[in-house]
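Letter by letter, the chains look like this.
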Amino acid sequence: GDSARGYVSWMARFYACFLVPLLAFISGGGAMRDDLKADAVDYIFTRPVRRPAYVVFRYVAHVACAQFDFLLALAVLAVVGLAFQATGVMAALPLILLAQVLVIVAFTAFGFLAGALTSRYVIVGLLWGGIIEVGVGTVETQLSRLSLTRQVLGLLEPVTGATQAVAALSAPTLVALFAVFASVMVAATAGLFAIKELAGASGRET
């Protein structure tokens, strides 16, 4: 029925382009705030690792774990779709998996930067989501390319069946774009973490 045909579109639009980036951002910001707590800072200071390198290693480890967790979630959704005989689940899976990998890499990096900037990183995420992802992203011009989720929706056009006014970027271009975005976010986080005054157990949380 219509519900079975719409299941794959739901996986692409709601799961891959809303739920995954939202949770990736929150988990990334939370991980960064955990590292700024007094007891964590005291431990970091005892490690023979430079602060920027620590941030990079922390990000890579966090993304690897997140990819595994969301891979399991995607597998569960695929099994549910097959159980209810949703059409096109297996055919759509490679593209949705690629989209999931990209948004985890990008939005976790953004979460790291927001978490390093402020304890109210969720507000930063809401502002970004409202202004860039929802506001600018719905404008049918080249400005919509500023929206990461809009870019991913373009990648998922064969799955959703919705054609956007602005031509979608190719998969290799999109991978390169998201890699650059994540690299810039992590580099900014590492730079901020390197110069940030961190309060240990005797001081307040940053």
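Heads up: the structure comes first, above all this text.
These remarks concern the structure in this document. (Residues numbered from 1 in each chain as written. Predicted model: local features only at pLDDT ≥ 70, side-chain atom pairs only at ≥ 80, totals over all residues. Heavy atoms only, no water.)

## Concerning the nonpolar core
Item 1. Core analysis: the largest hydrophobic core is formed by 51 residues, its most contacted members being Ile96, Leu156 and Phe178.
Item 2. When contributions to this core are tallied by element, the ones reaching two or more residues are α1 (2–35), α3 (51–83), α4 (89–117), α6 (148–155) and α8 (171–195).
Item 3. For this core, the element with the most residues is α4, which contributes 15 residues.
Item 4. Not counting residues up to four positions away in its chain, the partners in contact with leucine 156 are Ala12, Ala16, Cys17, Leu95, Ile96 and Ala99. (Core = buried A, V, L, I, M, F, W, Y, C linked by side-chain atoms within 4.5 Å. Buried < 20%, exposed > 50% of the residue type's maximum accessible area, 1.4 Å probe, protein only. Helix = DSSP H or I, 4+ residues; strand = E, 2+ residues; numbered from the N terminus. Contact = heavy atoms within 4.5 Å.)

## A look at the packing of aromatic side chains
Item 1. Within the structure shown, the criterion is met by 9 aromatic pairs.
Item 2. Arranged with centres 5.8 Å apart and planes meeting at 25°, the rings of tyrosine 7 and tryptophan 10 form a pair that is stacked. Of this pair, tyrosine 7 and tryptophan 10 both sit in helix α1, separated by 3 residues, roughly a single helical turn.
Item 3. By relative accessible area, which is 15% here, tyrosine 7 ends up buried.
Item 4. Looking at tryptophan 10, the relative accessible area reads 37%, which means it is partly exposed.
Item 5. Seen in terms of ring centroids, phenylalanine 110 and tryptophan 128 are 4.8 Å apart; in terms of plane orientation they differ by 50°. Their pairing is tilted. Remark: tryptophan 128 occurs in helix α5 (residues 121–135) and phenylalanine 110 occurs in helix α4; sequence separation between them is 18 residues.
Item 6. Three or more aromatic residues joined by ring pairs form one cluster here, namely Phe25, Phe110, Tyr121, Trp128 and Phe181.
Item 7. Geometry around phenylalanine 193 places arginine 51 over its ring, the cationic atom sitting 6.0 Å from the centre. (Phe/Tyr/Trp six-rings, centres within 6.5 Å; stacked < 30°, edge-to-face > 60°. Lys NZ or Arg CZ within 6 Å of the ring centre and 35° of its normal.)

## Side note on α6
Item 1. Counting buried positions over the 8 residues of α6 gives 7, a clear majority of the element.
Item 2. Buried within α6 are the following residues: Leu148, Thr149, Arg150, Gln151, Val152, Gly154 and Leu155.

## Regarding the packing of α4 against α5
Item 1. Direction vectors running N to C along α4 and α5 enclose 130°, while the axes themselves pass 9 Å from each other. Taken as axis vectors, α4 and α5 run oblique relative to one another. For α4 against α5, the interelement crossing comes out right-handed. Listed contacts from α5 to Phe107, Phe110, Ala114 and Gly115 of α4 are Tyr121, Val124, Trp128 and Glu133.
Item 2. Per-class residue counts for the contact of α4 with α5 are 6 nonpolar, 1 polar and 1 charged. (Axes fitted to C-alpha atoms, helices over the stretch in contact; angles between N-to-C directions. Parallel < 35°, antiparallel > 145°, perpendicular 65-115°, else oblique. Left-handed = near helix turned anticlockwise from the far one by under 90°. Nonpolar A, V, L, I, M, F, W, Y, C, P; charged D, E, K, R; others polar.)

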